[in-house]
Amino acid sequence: MKSELASLGVTRATGEPLNEWLKRATKSPALAELRPPIQEVLRLHYQYRFDPLGLNNTDREALKR
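Residues numbered from 1 in each chain as written. Predicted model: local features only at pLDDT ≥ 70, side-chain atom pairs only at ≥ 80, totals over all residues. Heavy atoms only, no water.

Caption draft 1: Molecular detail of the side chain of Glu 16. Structurally, Glu 16 can be placed in the loop between α1 (2-7) and α2 (18-25). Polar side-chain contacts of Glu 16 include one of 2.8 Å to the side chain of Arg 24. Excluding anything up to four places from it in sequence, Glu 16 contacts Thr 11, Trp 21 and Arg 24. (Helix = DSSP H or I, 4+ residues; strand = E, 2+ residues; numbered from the N terminus. Polar contact = N/O pair within 3.5 Å; in protein donor to acceptor, adjacent residues only side chain to side chain. Contact = heavy atoms within 4.5 Å.)

Listed below in structure tokens is the structure:
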């Protein structure tokens, strides 16, 4: 995703938190349609990293895709 957004001119600044970068990226009208799927990927990412229960198999597969 990072390289795809960078190719659209939305690069992540050094030290910029992932959620802030993605919020900034989807403020662009050209990327507005990506807002819902990006929010879902971000939710899954944080659940995977920080939830002690992790992800169920369905969510794990969704994050891989």
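Caption draft 2: Expanded view of the packing of aromatic side chains. Evaluated as defined, the whole model comprises one aromatic pair. Pairing Tyr 46 with Phe 50 gives two aromatic rings, centres 5.8 Å apart and planes at 20°, and the pair type is stacked. Residue Tyr 46 and its partner Phe 50 are located together in helix α3 (residues 35-50), separated by four residues, close to a single helical turn. (Phe/Tyr/Trp six-rings, centres within 6.5 Å; stacked < 30°, edge-to-face > 60°.)

Caption draft 3: The environment of Leu 42, seen in detail. Considering the arrangement of structural elements, one finds Leu 42 in helix α3. Expressed as a C-alpha distance, the spacing of Leu 42 and Asn 57, which sit 15 residues apart in the sequence, is 17 Å. In this structure Leu 42 touches Leu 18, Asn 19 and Leu 22, once residues within four positions along its chain are discounted.

Caption draft 4: Structural detail: the packing of α2 against α3. Between α2 and α3, the least distance of the axes is 11 Å, while the angle of their chain directions is 175°. Classified by the angle between their axes, α2 and α3 sit roughly antiparallel to one another. In this structure, α2 contributes Leu 18, Asn 19 and Leu 22 to the contact, and α3 contributes Ile 38, Leu 42, His 45 and Tyr 46. Looking at the contact of α2 with α3 residue by residue, the class counts come to five nonpolar, two polar and no charged. (Axes fitted to C-alpha atoms, helices over the stretch in contact; angles between N-to-C directions. Parallel < 35°, antiparallel > 145°, perpendicular 65-115°, else oblique. Nonpolar A, V, L, I, M, F, W, Y, C, P; charged D, E, K, R; others polar.)

Caption draft 5: Summary view of α2. Every buried residue of α2 is accounted for by Trp 21, Leu 22 and Ala 25. Projection of α2 onto a plane perpendicular to its axis shows the buried side chains occupying an angular sector of 95°, all on one side. (Buried < 20%, exposed > 50% of the residue type's maximum accessible area, 1.4 Å probe, protein only. Arc of directions from axis to C-beta.)

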